[in-house]
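# Residue-level structural notes
So you can see what is in the structure, the chains are spelled out below.
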Amino acid sequence: MGGSLRVAVLGAPGVGKTAIIRQFLFGDYPERHRPTDGPRLYRPAVLLDGAVYDLSIRDGDVAGPGSSPGGPEEWPDPKDWSLQDTDAFVLVYDICSPDSFDYVKALRQRIAEIRPAGAPEAPILVVGNKRDRQRLRFGPRRALAALVRRGWRCGYLECSAKYNWHVLRLFRELLRCALVRARPAHPALRLQGALHPARCSLM
């Protein structure tokens, strides 16, 4: 056994958090969007580089189902959604929605504020979903990626949950970065260093 990891998949309502998780776990995509009815917890086992890891993947809208993106003052007590002991974060936004990107920006700051002093660093991967709607995006990919990697010190990746594009890669990179988080390196560089191919599959 390789151990256990706790992952939180967060973002504004409607950006595709549940769709990403379901593609990763079950290989399916819900054609009709249904707001997530409260937080959900998935517990898959995955094989990464020959070791088996038990995952706890938390899915749920931070500000509650059906709500619009807002500031940290609208969010519940972080203790209620178990962010203080999370090993890695996936912050999802819609590449066609600047509001969802601003939401992720505020959420990243909130995570930094509530992490206990002296707690191990938890890697953050910012994910732009709905790459299949590339022509409708609100900003160029390179500029957004540079902002996230250099300014926010987070990893960056784009995917399409609808077509299952880069979904497996997303989780592979996040898990590998979480496993090496104790090494003295810039978190964005660690995420970029995880790009080379590796086996990551469900058990």
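As the structure is a prediction and not an experimental result, all values here were calculated from the model.

### Side note on the overall build of the chain
On a plain count of helices and strands, the chain comes out with 5 helices and 8 strands. Taken from N to C terminus, the helices and strands of the chain fall in the order β-α-β-β-β-β-α-β-α-β-α-α-β. Evaluated residue by residue, the chain yields a buried proportion of 50% over its 203 residues. Sequence separation of 24 or more characterises 73% of the internal contacts of the chain that already satisfy a separation of 6 or more. Surface exposure of the chain reaches about 10000 Å², of which carbon and sulfur atoms provide 49%.

### What to know about the packing of helix H1 (residues 17-26) against helix H4 (residues 167-179)
Interaxial distance between H1 and H4 falls to 9 Å at its minimum, and their mutual angle equals 90°. In terms of orientation, H1 lies roughly perpendicular with respect to H4. Between H1 and H4, the residues in contact are Ile20, Gln23 and Phe24 and Val167, Leu168, Leu170 and Phe171, respectively.

### A closer look at the nonpolar core
What tends to happen in soluble globular proteins is that the nonpolar side chains get buried as a cluster. In terms of nonpolar packing, the biggest core is built from 31 residues, with Ile20, Phe24, Leu55, Ile57, Val90, Val127 and Leu170 touching the most fellow members. Put simply, the parts of the chain that give this core at least two residues each are strand S1 (3-11), H1, strand S3 (45-48), strand S4 (51-59), strand S5 (88-94), strand S6 (124-129) and H4. Ranked by residue count, the leading element in this core is H4, at 6 residues. When residues no more than four places from it in sequence are discounted, the contact partners of Val90 are Val7, Ala8, Val9, Leu10, Leu125, Val127, Leu170 and Leu174. If you look at the next biggest cluster of nonpolar residues, it comprises 20 residues, including Leu10, Cys96, Ala145 and Tyr156.

### Considerations on the packing of aromatic side chains
We describe a pair of aromatic rings using the distance from one ring centre to the other and the angle between the two ring planes. In total, this model carries 6 aromatic pairs according to the counting rule given. In this structure an aromatic cluster arises from ring pairing among Tyr93, Phe101, Phe138, Trp152 and Tyr156.

### Here we look at the side chain of Arg137
Looking at where Arg137 falls in the secondary structure, it is placed in the loop between S6 and helix H3 (141-151). A polar contact is formed between the side chain of Arg137 and the backbone oxygen of Gly139, at a distance of 2.6 Å. Apart from the residues within four sequence positions on either side, Arg137 is in contact with Tyr93, Ile95, Cys96, Arg131, Leu144, Tyr156 and Glu158.

Definitions and cut-offs
Residues numbered from 1 in each chain as written. Predicted model: local features only at pLDDT ≥ 70, side-chain atom pairs only at ≥ 80, totals over all residues. Heavy atoms only, no water. Helix = DSSP H or I, 4+ residues; strand = E, 2+ residues; numbered from the N terminus. Buried < 20%, exposed > 50% of the residue type's maximum accessible area, 1.4 Å probe, protein only. Contact = heavy atoms within 4.5 Å. Areas by Shrake-Rupley, 256 points an atom, 1.4 Å probe, with all protein chains shown as cover. Axes fitted to C-alpha atoms, helices over the stretch in contact; angles between N-to-C directions. Parallel < 35°, antiparallel > 145°, perpendicular 65-115°, else oblique. Core = buried A, V, L, I, M, F, W, Y, C linked by side-chain atoms within 4.5 Å. Phe/Tyr/Trp six-rings, centres within 6.5 Å; stacked < 30°, edge-to-face > 60°. Polar contact = N/O pair within 3.5 Å; in protein donor to acceptor, adjacent residues only side chain to side chain.

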